[in-house]
Amino acid sequence: MNKPLNGIKIIDFTHVQAGPACTQMLAWFGADVIKVERPGSGDVTRTQLQDIPNVDALYFTMLNSNKRSLTLDTKKPQGKEVLEKLIRESDVMVENFGPGALDRMGFTWARIQELNPKMILASVKGFSDGHHYEDLKVYENVAQCAGGAASTTGWWKGDNAVPTISAAALGDTNTGMHLAIGILTAIIGRQQTGKGQKVAVSMQDSVINLCRVKLRDQQRLERQGFLEEYPQYPHEMEYFKDKVVPRGGNAGGGGQPGWILKCKGWQTDPNAYIYFTVQGHAWGPICDAIGKPEWKTDPAYTTPKARQPHIDEIFATIEDWLKDKTKFEAVDVLRKFDIPCSPVLTMKEILADESLRASGTITEVKHKTRGSYLTVGSPIKFSDMKPEITGSPLLGEHSDEVLAELGYSAAQIKEMHAKEVI
Ligand code: CAO
C-alpha cells in the first residue's frame, strides 16, 4: 500500500526509547528508516532484559519495527565517509546521543548543512540548549522529575508520601512523539523554503508540556491560596500553606472530582477497581445509577461546590454500590447512564482485549529469531491507510543492501566487513 511518507529517507541514529519511538512511527507511515548501529553490539536495548538467550529483547523489538539495520562504526574514517554519503542522500537524521556526542563524531549541524542543505536534523536531549543542565545525560525517570510530573504524582500523606514516577513513558516515548511532530512540520516547511532545519526537543520540555494543568494549578494556588477540586480541600488546608501544588493521589486533574474505587474482589485482586468521575453534568444520572435519587434535589449535593465537603462520603456510597459488582459489570451499568468511567485494566487484560486486537493497537508480529510477539501498533488511525507492523531487523541485517544502494561494490563491502567498519 502506498503510504504518505513513502520516499522520505531517514537516518535513524537513535537508541534506547525516546528516539526509536519517533522513528518507528515514521516508518509505520511509510518512511524508509535506516537504523545506524555500532558494529558488534548495536542498540543497547537488543540485550537489555532478554527473555530468550541470544535473541533481541522485547525492549528492542517493540521500538524498532519496520526499520532496516545498518551497522557502522562512525568513529572510523571509512564509517564517517559512509555516513556522509547517507547524509547527502537522506531527508532526515534523527539522533538522541548524549550532549555533544554528534559534534565529537565530527557531524556538527554546520557540517551536516554543508553536506546537505535540505537535511532535517532532529535531536532529543534531556534538557534544551542553553539550559543550565544542558550537559546532563537523561533517562525516563530523570525527565519525569525535571518536568514536574514526579512532584505532582502520588500521595500527599502517609508512609508513601514521596514524589512518584508514572509507569507511562512521559520522558521517553512522549518526547519521541513531540519530535515526530517537529520532523513532519520541518518537512512541510522544507516544501515551502527548500531548506532543512534543526528540530530539537528536550525530555524536560516534553514532560512539562504534559504537566500544563499542574502549572495552571500552581498559579491558581498562588492567587487564591487553595485548590477547591483537590482532595485536601476543605478538610486539610494545611497542605496548601506553602503554596506549592500538592500531590493529589488519584484525584482528577481537569477540575472534575474523580477517584479509583473498589469493586467486588478487591481484597484479593489488586486491580479490582474502576475510575469514577463525578462529572458535573452527569450528577443526576450518577444519583439514579447508584440508587440515591434524593441527592439530585438536596442542596447539600446539587452543585460541585456543595458536594466537595462530602466527596469522601459520596465515593464511599458509590463503593458500597460497587461491592457486589466486578469492575466490568459496574462499567456495563454506568455506561447506560453516560457516566465517564473505566475498569482499571491490567497489561494482561490489555493484551487479550479483542477490540484492541481488531483496531491494531495491539498486534502480533513475526520476528526472524524470536517467532511471534505482541507489540503496540499505531495509536493513530487513518481512513485511507492501515499501518502494517513488521518485525524489527536483526543487527546489521541490511548493511550490505544499504551500502549497495549507496553505490559501494561487493569488494568494498567485503573490505568494510573485514575492517569492522560495518
Ligand atoms: N559508531 C561509533 N560510535 C558510536 C556509534 C557508532 N555507530 N553510536 C554511538 N557511538 C558513540 C557516541 O559517539 C558516543 O561517543 P563519545 O561519548 O565518545 O563521544 C558514545 O557512543 C556514547 O553515546 P551516548 O552518550 O549517547 O551513550 P550513553 O550510553 O553514555 O548515554 C543516554 C545514554 C541515553 C543517557 C544518552 O544518550 C542521552 O542522554 N541521550 C539524550 C537523552 C535521551 O534520549 N535519553 C533517553 C534515552 S531513553 O530512556
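For the structure itself, look to the data block above.
Here's what I pulled together on the structure shown here. Quantities reported herein were computed from a predicted structural model and do not represent experimental measurements.

**Some points on the pattern of salt bridges**
It is possible for side chains bearing opposite charge to pair when their charged atoms get close.
At step 1: In total, this model carries 29 salt bridges according to the counting rule given.
At step 2: In this structure, the salt-bridge partner of Glu114 is Arg111, at a minimum N-O distance of 2.6 Å. A residue pair is termed a helical-turn pair when its members lie 3 or 4 positions apart in one helix, as Glu114 and Arg111 do in helix α5 (residues 109-115) at 3 residues.
At step 3: Linking Arg335 and Asp332 is a salt bridge whose minimum nitrogen-to-oxygen distance equals 2.8 Å.
At step 4: Classification of Arg335 by relative accessible area gives exposed; the value is 56%.
At step 5: Residues joined by salt bridges that share partners form a network here, namely Arg216, Asp217, Arg220, Glu228 and Glu229.

**What to know about the layout of surface pockets**
Unoccupied space between atoms shows up once a probe the size of one water molecule is rolled over them.
At step 1: In this model, the largest pocket occupies a volume close to 1,500 Å³.
At step 2: Around the largest pocket sit 43 residues that line it, and Ser166, Ala167, Ala168, Ala169 and Met347 are the ones nearest its centre.
At step 3: For the lining of the largest pocket, the elements supplying multiple residues, two or more each, are α1 (18-28), α7 (173-193), α14 (347-352) and β11 (371-376).
At step 4: Considered class by class, the residues forming the lining of the largest pocket number 24 nonpolar, 17 polar and 2 charged.
At step 5: Taken as a whole, the second largest pocket spans an internal volume of roughly 860 Å³.
At step 6: If you trace the second largest pocket, you find 34 residues lining it, with His15, Arg38, Asn96, Phe97 and Gly98 closest to the centre.
At step 7: Among the secondary structure elements, those contributing two or more residues to the lining of the second largest pocket are β2 (32-37), α4 (101-104) and β5 (120-125).
At step 8: Tallied by class, the residues present in the lining of the second largest pocket amount to 15 nonpolar, 9 polar and 10 charged.

**So, the packing of aromatic side chains**
At step 1: Tallying each qualifying case throughout the model produces 8 aromatic pairs.
At step 2: For the pair Phe13 and Phe97, a centre-to-centre distance of 4.8 Å together with 80 degrees between the ring planes defines the contact as edge-to-face. Of this pair, Phe13 sits in strand β1 (residues 9-13) while Phe97 sits in the loop between β4 (92-95) and α4, and the two are 84 residues apart along the sequence.
At step 3: What makes Phe97 buried here is its relative accessible area of 17%.
At step 4: With a centroid separation of 5.9 Å and an interplanar angle of 10 degrees, the aromatic rings of Trp283 and Trp295 are classed as stacked. Taken together, the residues Trp283 in helix α10 (residues 283-289) and Trp295 in the loop between α10 and α11 (304-307) connect sequence positions 12 residues apart.
At step 5: Looking at Trp283, the relative accessible area reads 5%, which means it is buried.
At step 6: What makes Trp295 buried here is its relative accessible area of 5%.
At step 7: By the ring-pair criterion, three or more aromatic residues cluster together here, those being Trp155, Trp156 and Trp259.
At step 8: Positioned above the aromatic ring of Trp266 is the side chain of Lys262, whose terminal nitrogen or guanidinium carbon lies 4.3 Å from the ring centre.

**Some remarks on a positive patch on the surface**
At step 1: Taken together, the side chains of Arg38, Lys75, Arg104 and Lys137 define a basic patch exposed on the protein surface.
At step 2: The topology assignment puts Arg38 in the loop between β2 and α2 (58-61).

**Remarks on the side chain of Lys3**
At step 1: Relative to the assigned elements, Lys3 resides in the segment before β1.
At step 2: Glu388 provides the closest opposite charge to the buried, unpaired Lys3, separated from it by 4.4 Å.
At step 3: Setting aside residues up to four positions removed in sequence, Lys3 forms contacts with Trp28, Phe29, Gly30, Met385, Lys386, Pro387 and Glu388.

**So, the site of the ligand**
At step 1: Around the ligand sit 24 residues, and of these Arg38, Lys75, Gly98, Lys137 and Val138 come closest.
At step 2: A distance of 2.8 Å separates an oxygen atom of the ligand from a polar atom in the side chain of Asp172.
At step 3: When isolated, the ligand has an accessible area of 950 Å², and the protein chains bury 84% of it.
At step 4: Among the cavities detected, the one that contains the ligand is the second largest pocket.
At step 5: Broken down by class, the residue content of the shell around the ligand amounts to 9 nonpolar, 6 polar and 9 charged.

**Some thoughts on unusual backbone geometry**
At step 1: Residue Pro234 follows Tyr233 across a cis peptide bond; omega there is 0 degrees.
At step 2: With a phi close to 60 degrees, Val16 is a non-glycine residue in the positive phi region.
At step 3: Its location among the elements puts Val16 in the loop between β1 and α1.
At step 4: Using a relative accessible area of 14% as the deciding quantity, one classes Val16 as buried.
At step 5: Residue Glu420 is not a glycine yet carries a positive backbone phi of 55 degrees.
At step 6: Mapping Glu420 onto the fold places it in the segment after α17 (410-418).
At step 7: A residue is classified by how much of its surface remains accessible, and Glu420, at 53% relative accessible area, is exposed.

**Side note on the sheet that holds strand β8 (residues 273-277)**
At step 1: The strand order across the open sheet built from 3 strands is β7-β8-β9, with neighbouring strands paired in antiparallel fashion. Because the sheet does not close on itself, it has two edges, and the strands there are β7 (258-262) and β9 (341-343). Averaged over all pairs of adjacent strands, the angle between strand axes in this sheet comes to 20 degrees, irrespective of strand direction.
At step 2: Strand direction decides the pairing type here: β8 and β9, joined by 3 bridges, are antiparallel. Following the sheet pairing, Phe276 is matched in β9 by Cys341.
At step 3: The strands touched by helix α12 (residues 311-322) are β7 and β8; relative to β7, the strand with the most contacts, the crossing angle is about 35 degrees.

What counts and how
- Residues numbered from 1 in each chain as written.
- Predicted model: local features only at pLDDT ≥ 70, side-chain atom pairs only at ≥ 80, totals over all residues.
- Heavy atoms only, no water.
- Salt bridge = Lys/Arg side-chain N within 4 Å of Asp/Glu carboxyl O.
- Helix = DSSP H or I, 4+ residues; strand = E, 2+ residues; numbered from the N terminus.
- Buried < 20%, exposed > 50% of the residue type's maximum accessible area, 1.4 Å probe, protein only.
- 1 Å grid on protein atoms, 1.4 Å probe; cavity = no way out; pocket = protein on both sides within 12 Å on 5 of 7 lines; lining within 4 Å.
- Points joined across faces, edges and corners; volume = space filled by probe spheres on them.
- Nonpolar A, V, L, I, M, F, W, Y, C, P; charged D, E, K, R; others polar.
- Phe/Tyr/Trp six-rings, centres within 6.5 Å; stacked < 30°, edge-to-face > 60°.
- Lys NZ or Arg CZ within 6 Å of the ring centre and 35° of its normal.
- Patch = residues over 30% accessible without salt bridge, like charges linked within 9 Å, V, L, I, M, F, W, Y side chains within 5 Å.
- Areas by Shrake-Rupley, 256 points an atom, 1.4 Å probe, with all protein chains shown as cover.
- Lys, Arg positive; Asp, Glu negative; His and termini not counted.
- Charge placed at Lys NZ, Arg CZ, Asp CG, Glu CD.
- Contact = heavy atoms within 4.5 Å.
- Near = heavy atom within 4 Å.
- Polar contact = N/O pair within 3.5 Å; in protein donor to acceptor, adjacent residues only side chain to side chain.
- Sits in = over half its atoms within 2 Å of the grid points.
- Pairing = 2+ DSSP bridges.
- Axes fitted to C-alpha atoms, helices over the stretch in contact; angles between N-to-C directions.

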